[in-house]
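# Commentary on secondary and tertiary structure
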Amino acid sequence: TFSIYEKSILKNPGQWLWQHNRYKQQSSKILNKPFRKDCILIVLPKKCDHLLEHLSTLRKIYPTEFLFLLAPKKCKKNLPTWPEKIFFYTSEKDLFIKDYRFKLVLNLANYGSLKNHYLKLSASAVFSLQNLEKLAPSSSKNLSQILTGALCKPGRLT
């Protein structure tokens, strides 16, 4: 006979496989401490065409980490192929994914209600684009510069 735990694991194995931090985070040489996570969700706004060219910067910053995208369905054909998985949304209610893998959420869409949702699950930090802009040097002009300036230690990412 199966115990309650075994039944729960069989019903939702994905929620049990990610209960601990299996992979080492990036070293402190490159990333600032709040951004050293191994599983990251990147939330794109409904109008995301102007951001797409800057997404490759995130892959440079996180070369081995698990990156996931939450993107509007209309951007489907223009998205990069490197994310572990791409979740699509058509309305704001689709943004509230019940997934415990995400340790860091980069909310580039600035949806304010996402922060509490992902912090209640397993994220240790949720940063909006406005947060990142405040953390980046004032000379940062585009999203790539903002991401590099906010997430990385000065002069560490080439």
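I will try to describe carefully the structure that is included in this document. (Residues numbered from 1 in each chain as written. Predicted model: local features only at pLDDT ≥ 70, side-chain atom pairs only at ≥ 80, totals over all residues. Heavy atoms only, no water.)

## A short note on the pattern of salt bridges
- Per the counting criterion, the structure on display carries one salt bridge.
- One salt bridge connects Arg101 with Asp99, and the closest N-O pair in it is separated by 2.5 Å. Considered together, Arg101 and Asp99 belong to a single accessibility category, that of buried residues. (Salt bridge = Lys/Arg side-chain N within 4 Å of Asp/Glu carboxyl O. Buried < 20%, exposed > 50% of the residue type's maximum accessible area, 1.4 Å probe, protein only.)

## Regarding the pairing of strand S5 (residues 125–128)
- Residues Ala125 and Phe127 point to one face of S5 and Val126 and Ser128 to the other, with burial holding for every one of them.
- In this structure, strand S4 (residues 104–107) lies alongside S5, joined through four bridges in parallel fashion. Bridging from a neighbouring strand, Leu104 pairs with Ala125 of S5.
- Remark: the S4/helix H5 (residues 114–121)/S5 crossover connection has right-handed handedness. (Helix = DSSP H or I, 4+ residues; strand = E, 2+ residues; numbered from the N terminus. Pairing = 2+ DSSP bridges. Right-handed = clockwise from strand over helix to strand, strands pointing away.)

## Structural notes on the nonpolar core
- Among the nonpolar cores identified, the biggest contains 31 residues, and Ile42, Leu44, Tyr62, Leu106, Leu132 and Leu151 are the most heavily contacted of them.
- For this core, the elements supplying multiple residues, two or more each, are strand S1 (39–43), helix H3 (49–52), helix H4 (55–61), strand S2 (66–72), S4, S5, helix H6 (129–135) and helix H7 (143–151).
- Among the elements that make up this core, the one with the highest residue count is H7 (five residues).
- Counting 19 residues, the second largest nonpolar core, distinct from the first, contains Tyr89, Leu95, Ile97 and Phe102. (Core = buried A, V, L, I, M, F, W, Y, C linked by side-chain atoms within 4.5 Å.)

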